[in-house]
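Overview (structure and organization)
So the chains spell out like this:
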Amino acid sequence: MKKILVILVALSFYAYANQNFDYAVKHLFEFEGGDKIDKSIGSLHSRYGITIPTLKRYNKNLTLYTITEDQAKDLVYKLYWLEYDLDRFMDKRVALLIMDFVYNSNPTNAIKVMEKAIGGEKDGKLSVGEVAKINYMGYKTFAPIYVNARLNYLKSLKIWHRFGKGLERRVTTLGNL
């Protein structure tokens, strides 16, 4: 009986985590839009928010011209969702906030910014305790902390003067889901 209960709990958690991933990647790709053409060289710079170096880490045989949306989702799942254990977040909106930050920044820096914002260790690895704290906070408490921390980080970057309005719109939209 205990084995059956454990299996049912594991299966329900797996289904729950997959629903969170599907929600997060759907919103992520909405922000990423279509193909980004680098006008200076006349070729794709990114597709689904994926750059050439990231794509090559995933599959050396794919190009930005040939990657499908399903392959892009698989890349996000393997290189970001699983790598940073984003299935540990109970609220799909919280998982999306964190995934969007690690996906669009240096992941270690993104996590350090969030750790600092919640009073964590700031080592670039989300500990069990930090995840539990964020889960306890929930979206309504965590989102404003996240928005403030991420915007402060983005404003410190050289790209802010060029992309600041769009970045601010993205971050505040995520903070108001």
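Preceding this paragraph is the structure being described.
Parameters at a glance
- Residues numbered from 1 in each chain as written.
- Predicted model: local features only at pLDDT ≥ 70, side-chain atom pairs only at ≥ 80, totals over all residues.
- Heavy atoms only, no water.
- Phe/Tyr/Trp six-rings, centres within 6.5 Å; stacked < 30°, edge-to-face > 60°.
- Helix = DSSP H or I, 4+ residues; strand = E, 2+ residues; numbered from the N terminus.
- Buried < 20%, exposed > 50% of the residue type's maximum accessible area, 1.4 Å probe, protein only.
- Expected span 1.5 Å × (residues − 1).
- Bend = angle between axes of the 7 residues up to and from the residue.
- Contact = heavy atoms within 4.5 Å.
- Salt bridge = Lys/Arg side-chain N within 4 Å of Asp/Glu carboxyl O.
- Core = buried A, V, L, I, M, F, W, Y, C linked by side-chain atoms within 4.5 Å.
- Polar contact = N/O pair within 3.5 Å; in protein donor to acceptor, adjacent residues only side chain to side chain.

Digging into the packing of aromatic side chains
- Enumeration over the complete set of coordinates arrives at seven aromatic pairs.
- Taken together, a centroid distance of 6.3 Å and an interplanar angle of 80 degrees make the contact between F101 and Y146 edge-to-face. Taken together, the positions of F101 in helix α4 (residues 92-104) and Y146 in helix α6 (residues 128-155) put the pair 45 residues apart, joining distant regions of the chain. Comparing F101 with Y146 shows no difference in burial state: the two are buried.
- On the basis of an interplanar angle of 35 degrees and a centroid distance of 6.1 Å, the ring pair of F142 and Y146 is categorised as tilted. Note that F142 and Y146 are positioned in helix α6 at a spacing of four residues, about one turn of the helix.
- Owing to a relative accessible area of 2%, Y146 belongs among the buried residues under this scheme.
- One aromatic cluster in this structure is built from F101, F142, Y146 and Y153.

Quick word on helix α7 (residues 160-174)
- An ideal rise of 1.5 Å per residue puts 21 Å on 15 residues; α7 reaches only 18 Å between its terminal C-alpha atoms.
- The largest bend in α7 amounts to roughly 35 degrees and is located at G166.
- Every buried residue of α7 is accounted for by W160, G164, L167, R170, V171 and L174.

A closer look at the environment of Y48
- Mapped onto the elements of the fold, Y48 is located in the loop between β2 (43-47) and β3 (50-51).
- According to the relative accessible area criterion, Y48 is buried, its value standing at 15%.
- Expressed as a C-alpha distance, the spacing of Y48 and L28, which sit 20 residues apart in the sequence, is 8.5 Å.
- Once residues lying within four places of it in the same chain are set aside, the contact partners of Y48 are F29, E32, I67, T68, E69, A72 and Y103.

Observations concerning unusual backbone geometry
- For Y48, which is not glycine, the phi torsion reads 60 degrees and is therefore positive.
- Even without glycine at this site, K122 takes up a positive phi of about 65 degrees.
- Along the polypeptide, K122 turns up in the loop between α5 (107-117) and α6.
- Exposure remark for K122: the relative accessible area of 45% places this residue in the partly exposed category.

A word on the pattern of salt bridges
- Following the criterion strictly, the structure yields seven salt bridges and no others.
- E32 is the salt-bridge partner of R170, the closest N and O atoms lying 2.8 Å from each other. One end of the pair, R170, is in helix α7; the other, E32, is in helix α1 (residues 2-32), and 138 residues separate them in sequence.
- Ionic pairing is found between E69 and K73, a salt bridge with its closest N-O pair at 3.7 Å. One end of the pair is E69 and the other is K73, both in helix α3 (residues 69-82) and four residues apart, which spans about a single turn.
- Note on K73: relative accessible area 29%, which makes it partly exposed.
- In this structure, a network of salt bridges that share partners links the residues E32, D100, R150 and R170.

Here we look at the nonpolar core
- With 52 residues, the main nonpolar core has V76, F89, I98, F142 and Y146 as its most contacted residues.
- Mapped onto this core, the elements with two or more residues apiece are α1, α3, α4, α5, α6 and α7.
- Sorting elements by how many residues they give to this core places α6 first, with 12 residues.
- Leaving out residues up to four positions away in the same chain, Y146 has contacts with L97, D100, F101, M114, V171 and L174.

As for α5
- Among the residues of α5, P107, A110, I111, V113, M114 and E115 are the ones counted as buried.
- Taking the backbone nitrogen of T108 as reference, a side-chain oxygen 2.9 Å away marks N106 as the first, capping residue of α5.
- Just beyond α5, the residue with positive phi is G119, at close to 80 degrees.

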